Amino acid sequence: MSINRRQFLGLSGAAIAGAALAPSLRLIELAQARSPEETASAQHRWGLLIDSSKCADGCTSCVNACAEENGIQGHGRPTTDAQWIRKVTLKDKQTGYVQNLPLMCQHCESPPCVDVCPTGASFKRADGIVLVDKHICIGCRYCMMACPYKARSFVHEVTTGQKAYAPRGKGTVESCTLCVHKVDRGDGSTACADACKKEGHQAILFGDLKDPDSEISKRLASQPSTQLRADLKLNTGVRYQGI
Amino acid sequence: MAHVHYLKIEGRSIGFFALLALLGALIAAGLGAVLFMEHNGHWVTGMNNQVMWGTPHVFAVFLIVAASGALNVASIASVFGRQLYKPLARLSGLLAITLLAGGLAVLVLDLGRPERLIVAMTYYNFKSIFAWNIILYTGFFAIVAVYLWMMFERRFNDYTKTVGMAAFLWRLTLTTGTGSIFGFLVAREAYDSALYAPMFIIMSFAYGLAIFILVLFAATRWTGRPLGDVMVARLKNLLGVFVASVLYFVLVYHLTNLYMTGRHDVERFILLDGGIYTRLFWIGQILIGGVLPLVLLFSTLGRSRTMIALAAIMVVVGGLVQMYVTIIGGQALPMPLFPGKDASSSFFDGVVGTYTPSLPEFLLGIGGFSLALGMTVFAIKVLPFLPASLADADVDPHHGPNKKTTDTA
Amino acid sequence: MRTVKLLRPFSGLVLAVGLILSGVSVFGHDKAAHAADASGAVPMPVHTFEKGEQCVEPVDVMRRNHMQLILHQRDKTMHEGIRTTQHSLNKCVDCHADKKTGSVLGKDGFCENCHRYSAVSIDCFECHSSVREASAAVTAPPSSVRVLTAQPQKTNATATVMDGGSAKNAGAVFPPKGKTP
């Protein structure tokens with residue numbers, strides 16, 4: 001087929017524009033695109049499904065991505081440096097079988113950290129994300145005592161270089177926010193899930209647990225999964241497969 | 001009819017000012033430590049993301065528990081009508097207030113954001129036992145202040161029984177709340193037990209009375225006021241009973257845990273191979289804090305006041321150690337996230353949390369203790385808290401129950 | 001003697017009034033001699049505006065009430081997830097950040113120089129970023145597509161990957177630290 005010069009210029013212009021914009025454009029399902037005036041709603045419950053069998057030994061992409069996304073800096077002091085997500089290696093005591101999984105705040109439905117916070121700074125949002133309101137956090141660390149998953153970190157030093165959408169400061173407690181800024185923006189995923197996908201492992205899946213058509217709900221309905229410390233009956237928002 | 005004369009202490013000797021100077025220096029050191037920790041952030045302390053409550057909390061909880069127990073003597077007098085203890089009631093109330101103030105000072109100054117105390121007092125999550133404790137502690141100050149007022153002002157002396165009962169019930173609630181801080185935590189195997197509330201109550205009896213005895217001995221000896229054997233013997237026996245009761249609760253706690261296979265790792269950690277925690281438990285908590293004081297108090301050695309004072313000191317030391325094992329040992333123990341697996345990670349999953357007490361933390365704790373004692377020393381100078389005499393003839397219990405007390409400034 | 005005794009209750013009042021008057025006289029006169037005063041008086045704040053014609057609220061409203069607006073917005077955003085931009089702290093920083101330093105803090109920082117003058121300490125930037133989010137161009141999306149902002153440029157301290165444990169020993173089985181600390 002032949003095209004004239006005008007059409008050619010138009011096509012190439014569109015192609016260049018598309019190539020330039022493409023990395024930052026994403027089509028979002030209407031259900032997840034929430035306008036800024038809307039409140040977070042109990043119609044959704046955000047969660048993660050982590051497939052331990054896909055989690056690669058030695059890979060820390062999720063950890064690095066979380067640190068990058070949220071402006072978490074290491075200070076070379078592993079006992080006091082904040083870690084919102086960490087890779088855990090498990091070795092069965094009897095059989096010696098080794099597996100890996102990422103561990104972060106489990107965003108429980110009945111979070112012990114929310115129960116014990118004296119000021120109510122530790123709270124659960126309507127859509128299930130458990131957060132620390134650092135404006136009223138007094139830094140008592142009681143939530144850290146209460147968390148069954150050791151998900152919370154205390155900021156032990158002066159912080160700098162915070163990301164605009166992830167404020168964090170000395171003397172308050174923090175933990176995985178399920179990338180709430182990304183959720184509210186409608187990105188449809190968390191930094192750790194994105195990084196894992198980019199690495200090709202796809203061990204972490206983010207989604208709406210209350211939406212029966214979401215991929216996470218479909219997988220949870222059709223495949224076995226479990227919660228960590230299920231005997232505590234906290235109904236976590238993060239579920240695991242393969243452990 | 002015998003009257004009890006209360007007298008302010010003279011407070012003009014070199015010894016008095018030296019004591020105040022010493023306590024003041026320790027308080028200043030504590031404040032300096034707070035400045036250091038707050039300015040740099042908690043990384044300069046031994047506390048970390050594994051063991052987040054450290055030496056300051058050991059001291060703070062100890063002081064708070066002891067404060068509640070220090071009121072015991074006044075309660076025995078007012079609520080249970082034992083006239084013998086009545087002359088001691090004022091000092092008891094005073095110590096309750098000052099020890100609580102010292103403990104709370106340590107707790108608040110260790111917060112990540114101590115300047116947000118006003119937030120803690122205005123934003124309440126009523127499901128949190130910690131929030132309830134804030135109300136209970138502040139209320140305790142108010143109730144004991146009123147209680148003291150009833151004791152001081154002669155025309156209100158008839159109300160001491162009612163207010164004393166209120167104070168007694170309040171402090172039982174308060175100590176239940178303090179124990180429940182740990183008892184309500186499902187996450188950690190060393191906590192998560194209903195036994196913590198009554199255990200803390202009985203611990204408060206022991207620690208509070210031990211400190212009371214030491215303060216009473218020091219105050220009467222250093223001001224030259226007589227303290228008769230009748231009073232001393234009563235207090236000695238009471239302390240012995242309380243120490244024995246604490247041992248009983250510790251025994252029940254560990255026996256129960258030993259029975260459950262699931263809790264064997266906790267028991268193994270505390271009783272057997274927890275290293276420093278095991279040593280502290282057996283030597284500090286059981287031997288020094290329990291067995292040796294019982295020997296001293298109930299044997300013929302108990303006739304010597306020096307031995308009684310030594311026993312009281314050992315109870316205090318044992319109490320601090322018990323708090324250390326409970327608070328820090330309980331956190332150091334790894335949580336059972338993955339039963340049947342050995343876990344390892346960059347966040348110290350599956351391993352015992354490391355904690356080394358640091359100097360700033362220790363100075364803060366001692367500073368709080370010194371604050372409590374300093375306030376006590378100051379108070380007995382400006383107001384007549386101490387009876388002029390506790391000699392046997394003056395505290396003779398054989399007088400009628402309507403004995404009125406007179407106070408002279 | 002009797003007169004003196006009668007006046008004793010008023011001594012406290014006299015003292016207070018005296019202190020207030022002397023305070024006013026010492027600190028009050030500086031208002032007139034601000035910009036040119038080199039005698040140690042705190043300089044009046046200097047305001048430069050980098051973007052836009054005016055603020056989202058009138059100046060006098062902002063001067064008095066910006067803290068109330070901030071407090072209200074923070075609770076809405078934090079607890080309800082409402083992220084309107086009218087009173088968003090990020091947007092305040094975006095507009096008001098200094099052209100050279102990119103920050104609202106610092107000697108001529110918009111927030112800091114006024115707060116220094118009024119001696120009110122700012123707590124916000126203990127946690128919040130005080131620098132402008134570079135090239136944050138968010139255009140209003142059509143109903144089904146949202147254009148994401150480019151990744152904010154790292155300005156001062158860059159977020160580095162956590163070291164000292166997670167990156168170096170990634171995946172390695174940590175030898176248990178031994179039971180005794």
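Residues numbered from 1 in each chain as written. Chains lettered and ligands numbered in written order. Predicted model: local features only at pLDDT ≥ 70, side-chain atom pairs only at ≥ 80, totals over all residues.

Engineer: Residue-level account of the overall build of chain C, with values.
Structural biologist: If you tally the helices and strands in chain C, you get 4 helices and 1 strand. Within chain C, the fraction of its 181 residues that count as buried is 16%. Within chain C, residue pairs in contact and separated by at least 24 positions form 41% of the contacts whose partners lie at least 6 positions apart. (Helix = DSSP H or I, 4+ residues; strand = E, 2+ residues; numbered from the N terminus. Buried ≥ 20, exposed ≤ 12 C-beta atoms within 10 Å, placed from the backbone. Contact = placed C-beta atoms within 7 Å.)

Engineer: Describe the interface of chain A and chain B, and please don't skip the residues or the numbers.
Structural biologist: One frequently used descriptor of interface size is the decrease in accessible area upon assembly of the parts. Taken together, the contact between chain A and chain B spans 46 residues of the former and 38 residues of the latter. Those elements that provide at least two residues to the side of chain A that touches chain B are strand 3 (85–92), helix 3 (112–116), helix 4 (142–146) and strand 7 (153–154) of chain A. Of all the elements, strand 3 of chain A adds the most residues to the side of chain A that touches chain B, at 7 residues. The residue inventory of the side of chain A that touches chain B, partitioned by class, reads 22 nonpolar, 12 polar and 12 charged. (Nonpolar A, V, L, I, M, F, W, Y, C, P; charged D, E, K, R; others polar.)

Engineer: Which residues make up the sheet that holds strand 4 (residues 98–104) of chain A, and what values do they have?
Structural biologist: On the basis of which strands lie adjacent, the open sheet formed by 3 strands has the order 4(A)-3(A)-2(B) and antiparallel pairing. Each end of this open sheet is capped by a strand with a single partner; those strands are strand 4 of chain A together with strand 2 (341–345) of chain B. The mean angle between the axes of side-by-side strands here comes to 30 degrees, regardless of whether they run parallel or antiparallel. Taken together, the 7 bridges between strand 3 of chain A and strand 4 of chain A define a ladder with antiparallel strand orientation. Bridge pairing in strand 4 of chain A places Arg86 of chain A opposite Leu103 of chain A. Relative to the sheet, helix 2 (residues 61–70) of chain A contacts strand 3 and strand 4 of chain A, its axis offset from that of strand 3 of chain A by approximately 160 degrees. (Pairing = 2+ DSSP bridges. Axes fitted to C-alpha atoms, helices over the stretch in contact; angles between N-to-C directions.)

Engineer: Would you mind going over the nonpolar core in detail, with residue names and values included?
Structural biologist: If you look at the biggest cluster of nonpolar residues, it comprises 203 residues, and the most contacted ones within it are Leu63, Ala206 and Leu239 of chain B. With 17 residues, the top contributor of residues to this core is helix 8 (residues 196–222) of chain B. Within the second largest apolar cluster, 11 residues are counted, among which are Leu89, Val104, Cys124 and Val131 of chain C. (Core = buried A, V, L, I, M, F, W, Y, C linked by C-beta atoms within 7 Å.)

Engineer: Quick rundown of the packing of helix 2 (residues 55–70) of chain B against helix 13 (residues 359–382) of chain B? Include the residues and the values.
Structural biologist: Residues and elements named next belong to chain B. Close contact between helix 2 and helix 13 brings their axes to 7 Å; oriented N to C, the two are set at 20 degrees. If you check the angle between helix 2 and helix 13, you find them roughly parallel. Across the interface between the two elements, Thr55, Pro56, Val58, Phe59, Ala60 and Leu63 of helix 2 pack against Glu361, Phe362, Leu364, Gly365, Gly368, Phe369 and Ala372 of helix 13. (Parallel < 35°, antiparallel > 145°, perpendicular 65-115°, else oblique.)

Engineer: Quick rundown of unusual backbone geometry? Include the residues and the values.
Structural biologist: All names here are of chain A. At Arg229, a position not held by glycine, the phi torsion is positive, near 50 degrees. Inspection of the secondary structure assignment puts Arg229 in the loop between helix 7 (215–222) and strand 10 (238–241). Given 19 C-beta atoms within a 10 Å radius, Arg229 is considered partly exposed.

Engineer: An account of the sheet that holds strand 10 of chain A is requested, with residue identities and associated values reported.
Structural biologist: Residues and elements named next belong to chain A. Pairing is mixed in the open sheet, where 3 strands are placed in the order 9-2-10. Every interior strand has two partners, whereas the edge strands, strand 9 (204–208) and strand 10, have only one. Across the sheet, the axes of successive neighbouring strands diverge by a mean angle of 20 degrees, strand direction being ignored. As defined by bridge partners, strand 2 (residues 46–51) adjoins strand 10 across 4 bridges and the pair is classed as parallel. Bridging from a neighbouring strand, Ile50 pairs with Tyr240 of strand 10. Docked against the sheet, helix 7 engages strand 2, strand 9 and strand 10, running at close to 105 degrees with respect to strand 9.

Engineer: Got a sec to walk through the environment of Ser389 of chain B? Specific residues and values, please.
Structural biologist: All names here are of chain B. Looking at where Ser389 falls in the secondary structure, it is placed in the segment after strand 3 (386–387). Classification of Ser389 as partly exposed rests on a count of 18 C-beta atoms within 10 Å. Along the sequence, Ser389 and Gly228 sit 161 residues apart, while their C-alpha atoms lie 8.6 Å from each other. Aside from chain neighbours lying at most four places away, what touches Ser389 is Arg225, Pro226 and Asp394.

Engineer: Would you mind going over the pairing of strand 2 of chain B in detail, with residue names and values included?
Structural biologist: Two faces make up the sheet, and in a regular strand the side chains alternate between them. Extensive coverage of strand 2 of chain B is indicated by the burial of 4 of its 5 residues. Where strand 3 of chain A lies against strand 2 of chain B, 5 bridges are found, and the strand directions are antiparallel. In the sheet register, Val88 of chain A faces strand 2 of chain B, and the bridge partner there is Ser345 of chain B.

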